[in-house]
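# Overview (structure and organization)
Chain by chain, the residues:
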Amino acid sequence: MPQILIDHSPELDFDQAGLAAEVHQLITEVIDTKVADCKTLFRPAARYAVGDGSTGEALVLAQIKILAGRTTEQRAELTARVLAVLQSRIAVPAAICVEVTELDRDTYRFVHHAGR
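On a predicted model such as this, the values are computed, not experimentally measured, just so you know. (Residues numbered from 1 in each chain as written. Predicted model: local features only at pLDDT ≥ 70, side-chain atom pairs only at ≥ 80, totals over all residues. Heavy atoms only, no water.)

### Some remarks on the overall build of the chain
Quick note on the threshold: Secondary structure elements follow DSSP: runs of H or I no shorter than four residues count as helices, runs of E no shorter than two count as strands, and numbering proceeds from the N terminus. Buried means the residue's accessible area, taken with a 1.4 Å probe over protein chains only, is under 20% of the maximum for its type, while exposed means over 50%, and partly exposed covers the values in between. What makes two residues a contact is simply this: any of their non-hydrogen atoms within 4.5 Å. Residues scored as charged are limited to Lys and Arg (positive) and Asp and Glu (negative), so that His and the chain ends carry no count. Throughout, a charge is located at the NZ atom of Lys, the CZ atom of Arg, the CG atom of Asp or the CD atom of Glu.
For the chain, the count of helices and strands is two helices and four strands. Moving toward the C terminus, one meets the helices and strands of the chain in the order β-α-β-β-α-β. A principal-axis box enclosing the C-alpha atoms of the chain has dimensions of 45 × 40 × 25 Å. Considering the chain as a whole, with its 116 residues, one finds that 35% of them fall into the buried category. Across the chain, every contact between residues at least 6 apart in sequence was considered, and the portion connecting residues at least 24 apart equals 78%. Both charge centroids of the chain, one from 12 positive and one from 16 negative side chains, sit 9 Å from each other.

### Quick word on the packing of helix α1 (residues 16-30) against helix α2 (residues 72-89)
Helices that pack against each other are described as a pair by the angle of their axes relative to one another and the distance between those axes. To be explicit about the condition: Orientation is described by axes fitted as lines to C-alpha atoms, over the contacting stretch for helices, and by angles from 0 to 180 degrees between their N-to-C directions. Throughout, the term roughly parallel applies to angles under 35 degrees, roughly antiparallel to angles over 145, roughly perpendicular to angles from 65 to 115, and oblique to all others. Should the near helix be turned anticlockwise from the far one by less than a right angle, the crossing is left-handed, and should it be turned clockwise, the crossing is right-handed. Each residue gets one of three labels, nonpolar for Ala, Val, Leu, Ile, Met, Phe, Trp, Tyr, Cys and Pro, charged for Asp, Glu, Lys and Arg, and polar for the others, Gly among them.
In contact at an axis separation of 10 Å, α1 and α2 are set at 155° when each is read in the N-to-C sense. Considering their axes alone, α1 and α2 lie roughly antiparallel with respect to each other. Handedness of the crossing formed by α1 with α2: right-handed. Facing α1, whose interface residues are G18, L19, E22, V23, L26, I27, E29 and V30, α2 presents Q74, E77, L78, R81, V82, V85, L86 and R89. Across the contact of α1 with α2, the residue classes tally to nine nonpolar, two polar and five charged.

### A short note on α1
What counts here: In this scheme, a helix's expected span is set at 1.5 Å multiplied by one less than its residue total. In protein, a polar contact means a hydrogen-donor-capable atom and an acceptor-capable atom, both N or O and within 3.5 Å, with residues adjacent in sequence counting only if both atoms are side-chain atoms; elsewhere, any N or O pair within 3.5 Å suffices.
Compared with the 21 Å implied by 1.5 Å per residue over 15 residues, the 21 Å span of α1 between its first and last C-alpha is a close match. Looking at α1, one finds that the buried residues are G18, L19, A20, V23, H24, L26, I27 and V30. The N-cap of α1, judged by a side-chain oxygen 3.4 Å from the amide nitrogen of A17 a few residues on, is D15.

### Looking at the sheet that holds strand β4 (residues 94-103)
Put simply, the rule reads: For two strands to count as paired, DSSP must find a minimum of two bridges between them.
The sheet built from four strands is open, its strands ordered β2-β1-β3-β4 with mixed pairing. Edge positions in the sheet fall to β2 (39-44) and β4, since each of these pairs with one other strand and no more. In this sheet, adjacent strand axes meet at a mean angle of 15° when their direction is disregarded. Bridge analysis of strand β1 (residues 3-8) against strand β3 (residues 58-67) gives six bridges, and the strand direction is antiparallel. Residue pairing across strands places L5 opposite Q63, the latter belonging to β3. In this fold α1 packs onto β1, β2 and β3, with an angle of close to 140° to the strand it touches most, β2.

### Re the pattern of salt bridges
Two side chains bearing opposite charge may form a pair once their charged atoms approach each other closely. Just so we agree on the cut-off: Between Lys or Arg on one side and Asp or Glu on the other, a salt bridge is scored when a side-chain nitrogen of the former is within 4 Å of a carboxyl oxygen of the latter.
Scanning all chains against the criterion turns up six salt bridges. Close ionic contact of D7 with R43 constitutes a salt bridge, the shortest N to O distance being 2.7 Å. Taken as a pair, D7 in strand β1 and R43 in strand β2 lie far apart in primary sequence, 36 residues in all. Look at R43 and you get partly exposed, because its relative accessible area is 33%. E77 is the salt-bridge partner of R81, the closest N and O atoms lying 3.5 Å from each other. On the criterion of helical spacing, the pair formed by R81 and E77 is a turn pair, its members being four residues apart in helix α2. Taken together, the salt bridges that share partners define one network made up of D15, E22 and R89.

Any functional reading would require information that these geometric values do not contain.
Laid out in structure tokens, this is it:
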């Protein structure tokens, strides 16, 4: 169920597979889910801006979507831990944002589609 969407500056060089594996594992430590249920999508942005552009910072925007019902404390812990992972894996100056949002249990659906 957790969906991890990571938008980032296109020139940013980091270990995406390692980052996904680490984030998937830590999510299981904070909320009741399995690594196999975590899904991460990396999306390099064609263009981006940080402030007036003079700092030269890269940009990373991470959104973690989880099913509704977790406590504010759990969501805050997840935010802090993902932020720490991103900081440890990004070696260049960067503006990093992390947000945890909730998916509505009544309307969210997920399947492993085997194809036709």
